[in-house]
Amino acid sequence: MLSVKLFARARDLAGSPIIQIPWSDGLTVASLKQRLGELHPAVLPLVPRLLVAVNNDYAGDSTIVKVTDEVACFPPVSGG
Amino acid sequence: MLSVKLFARARDLAGSPIIQIPWSDGLTVASLKQRLGELHPAVLPLVPRLLVAVNNDYAGDSTIVKVTDEVACFPPVSGG
Amino acid sequence: MISLTHDSIDYHGLTESVRSSQSGAVVLFLGTVRELTRGRRTVALDYEGYPQMAEVKLRELEAAARSRWPVEHVGIVHRLGHLELGDISVAVAVSSPHRQQAFEAGKFLIDELKVSVPIWKKENWDDGTTEWVHPGVEMSRPD
Amino acid sequence: MISLTHDSIDYHGLTESVRSSQSGAVVLFLGTVRELTRGRRTVALDYEGYPQMAEVKLRELEAAARSRWPVEHVGIVHRLGHLELGDISVAVAVSSPHRQQAFEAGKFLIDELKVSVPIWKKENWDDGTTEWVHPGVEMSRPD
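Residues numbered from 1 in each chain as written. Chains lettered and ligands numbered in written order. Predicted model: local features only at pLDDT ≥ 70, side-chain atom pairs only at ≥ 80, totals over all residues. Heavy atoms only, no water.

Quick word on the overall build of chain A
Summing up its helical and strand segments, chain A has 2 helices and 5 strands in all. Each helix and strand of chain A, placed in order from N terminus to C terminus, yields the pattern β-α-β-α-β-β-β. Computed over C-alpha atoms, the radius of gyration of chain A comes to 11 Å, within 12% of the 12 Å expected from 2.2 N^0.38 for 80 residues, which places it in the range of a compact globule. The dimensions of chain A, computed from C-alpha atoms along their principal axes, are 35 × 25 × 20 Å. (Helix = DSSP H or I, 4+ residues; strand = E, 2+ residues; numbered from the N terminus. Rg over C-alpha atoms; globule rule 2.2 N^0.38 Å.)

Focus: the overall build of chain C
Looking only at helices and strands, chain C features 3 helices and 9 strands. Relative to the 2.2 N^0.38 estimate, which gives 15 Å for 143 residues, the radius of gyration of chain C is 16 Å and therefore close to what a compact globule would have. C-alpha atoms of chain C, sized along the principal axes, occupy 50 × 25 × 25 Å. Split into buried and exposed, the 143 residues of chain C put 58% on the buried side. Accessible surface for chain C amounts to roughly 5600 Å². Of this, 49% is attributable to carbon and sulfur atoms. Between the mean site of the 16 positive side-chain charges and the mean site of the 21 negative ones, chain C shows a separation of 4 Å. (Buried < 20%, exposed > 50% of the residue type's maximum accessible area, 1.4 Å probe, protein only. Areas by Shrake-Rupley, 256 points an atom, 1.4 Å probe, with all protein chains shown as cover. Lys, Arg positive; Asp, Glu negative; His and termini not counted. Charge placed at Lys NZ, Arg CZ, Asp CG, Glu CD.)

Digging into the interface of chain A and chain C
At the junction of the two partners, chain A supplies 22 residues and chain C supplies 31 residues. With both chains or domains summed, chain A and chain C bury close to 2300 Å², and 51% of this area falls on carbon and sulfur atoms. On the chain A side of the contact with chain C, A:Arg9, A:Asn56 and A:Gly80 bury the most area, a combined 30% of that side's loss. Put simply, chain A and chain C have 2 salt bridges between them. (Contact = heavy atoms within 4.5 Å. Buried area = accessible area lost by both parts, 1.4 Å probe. Salt bridge = Lys/Arg side-chain N within 4 Å of Asp/Glu carboxyl O.)

Looking at the packing of helix 2 (residues 51–68) of chain D against helix 3 (residues 99–116) of chain D
Residues and elements named next belong to chain D. Between helix 2 and helix 3, whose axes approach to 10 Å, the crossing angle comes to 145 degrees. Regarding helix 2 and helix 3, the two cross each other, and that crossing is right-handed. Between helix 2, through Lys-57, Leu-58, Leu-61, Glu-62, Ala-64, Ala-65 and Arg-68, and helix 3, the contact on the second element is made entirely by Phe-108, Leu-109, Glu-112, Leu-113 and Ser-116. A per-class count over the contact of helix 2 with helix 3 returns 7 nonpolar, 1 polar and 4 charged. (Axes fitted to C-alpha atoms, helices over the stretch in contact; angles between N-to-C directions. Left-handed = near helix turned anticlockwise from the far one by under 90°. Nonpolar A, V, L, I, M, F, W, Y, C, P; charged D, E, K, R; others polar.)

Let's talk about the interface of chain C and chain D
Each partner contributes to the interface: chain C provides 36 residues, whereas chain D provides 36 residues. Summed over both sides, the interface of chain C with chain D buries roughly 3000 Å², with 54% coming from carbon and sulfur. Among the residues of chain C in contact with chain D, C:Arg34, C:Arg99 and C:Phe103 are the three that bury the most area, contributing 22% of the side total. Our count for the contact surface shared by chain C and chain D stands at 2 salt bridges. With its nearest N and O atoms 2.8 Å apart, the salt bridge here joins D:Asp111 to C:Arg99. Viewed at the interface, chain D and chain C are joined by 23 residue pairs in polar contact (both at pLDDT 80 or more). Of all elements in the fold, only helix 1 (11–18), strand 2 (25–32) and helix 3 (99–116) of chain C reach the threshold of two or more residues within the side of chain C that touches chain D. Here the residues of the side of chain C that touches chain D are counted per class, giving 14 nonpolar, 13 polar and 9 charged. With 7 bridges joining them, strand 2 of chain C and strand 2 (residues 25–32) of chain D adopt antiparallel strand pairing. By the bridge assignment for strand 2 of chain D, C:Ala25 is matched with D:Gly31. (Polar contact = N/O pair within 3.5 Å; in protein donor to acceptor, adjacent residues only side chain to side chain. Pairing = 2+ DSSP bridges.)

Overview of the sheet that holds strand 2 (residues 18–21) of chain B
Residues and elements named next belong to chain B. Reading across the sheet, the 5 strands line up as 2-1-5-3-4 and stay open at both edges, with mixed pairing between neighbours. Two strands in the sheet have a free side with no partner beyond their single neighbour: strand 2 and strand 4 (57–58). Here strand 3 (residues 51–54) pairs with strand 4 via 2 bridges, running antiparallel. Residue pairing in the sheet places Ala-53 in a bridge with Tyr-58 of strand 4. Strands in contact with helix 2 (residues 29–39) are strand 1 (2–6), strand 2, strand 3 and strand 5 (71–74); relative to strand 2, the strand with the most contacts, it is inclined by about 105 degrees.

Quick word on the sheet that holds strand 5 (residues 71–74) of chain A
Residues and elements named next belong to chain A. One open sheet accounts for 5 strands, arranged 2-1-5-3-4; its pairing is mixed. Every other strand in the sheet has two partners, leaving strand 2 (18–21) and strand 4 (57–58) as the edge strands with one partner each. In this structure, strand 3 (residues 51–54) lies alongside strand 5, joined through 4 bridges in antiparallel fashion. Bridge assignment links Val-54 to a residue of strand 5, and that residue is Val-71.

Limitation: the analysis is restricted to geometry and does not speak to function.
So, in structure tokens, the structure goes:
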């Protein structure tokens, strides 16, 4: 299982600050976003704009994610 | 007589913070600079770069100066 | 100095920390909670962060600023939690030999912070509704 | 708030005076006495002003900034007299609804101050000589 932290509206829609996603080696960020939408349909409308961070850096769709990675998903930022 | 305040290097070169210049109605800023150089030759090298303020505003060479005006001469500013 | 805090931001201390006799210029930017946003009235903001990544990204921004301008010191503090009108949400202070550099570096840091540092704000509107601010995401449905 | 002072500049008080819940952005600029200028070492600066005209020109600059940007509050304090290394010679604070405006107005104010407000500085070099700074005027002859 891959632990994924959620923030802001993504967390509110999923109803949890951290979710577990069944995972296997070789899967990418694109798979992560797809599975997140399947497991938590409430988050689905946000998925196209969701940002994914792997080990504290932004990761593109083709980035491979390992179960040991620190992973977070969140909508566009609005600090400042 | 026209009272003219001097500042910074202009004052140092003239040796005085305020000087009196013989004046008559109708004379301009250009005349003021010329007379200043004649009366205080030490200031002469600075005259081409001297700024003249009349009543707290910068005045061009053709501005007519009255003896009752508040007049100051000084080199380029360097505040900040 | 890079930090996230739940307390009031001491921008005076932050500014003192970037001053030095090697730098002729200091620029400080403060972001504060504004009452009116596109005609709607805010009563408060809640800021949430992903602290470990936010600190990494802030340090990257400091490094990027240093690579572009001869910045001497950089200080950035972002506040998290519940903020009332007029409260300071973020302070960015930079010092450099000349003012042009300090202005450019300060503007760069706050502009980039707003697009790359994982912190989010939730509006508390005066009609009692709340709404996450997610630029580019449809805002029609209040949370 | 526009003022000239012979005392240390209280930039914290100045910044507080421009903050408001109508403004989302505050930019503060501090000019400080820098040790090195084009490779020469400064030990102190003496600032002289023509106070009555300087205040008129500063108020004109504030008006010019307000005509270009939706600035809410402006504070400018310039120090006169003898300043040591690291001392603050000038502080400019502006508040406005958005940060872009605050940066532009702040930069405009200090840029224009330096060319139009009748204040002059005299360098005290570490070799014991002093020299008025008059941009564009031949500096070869120490005073």
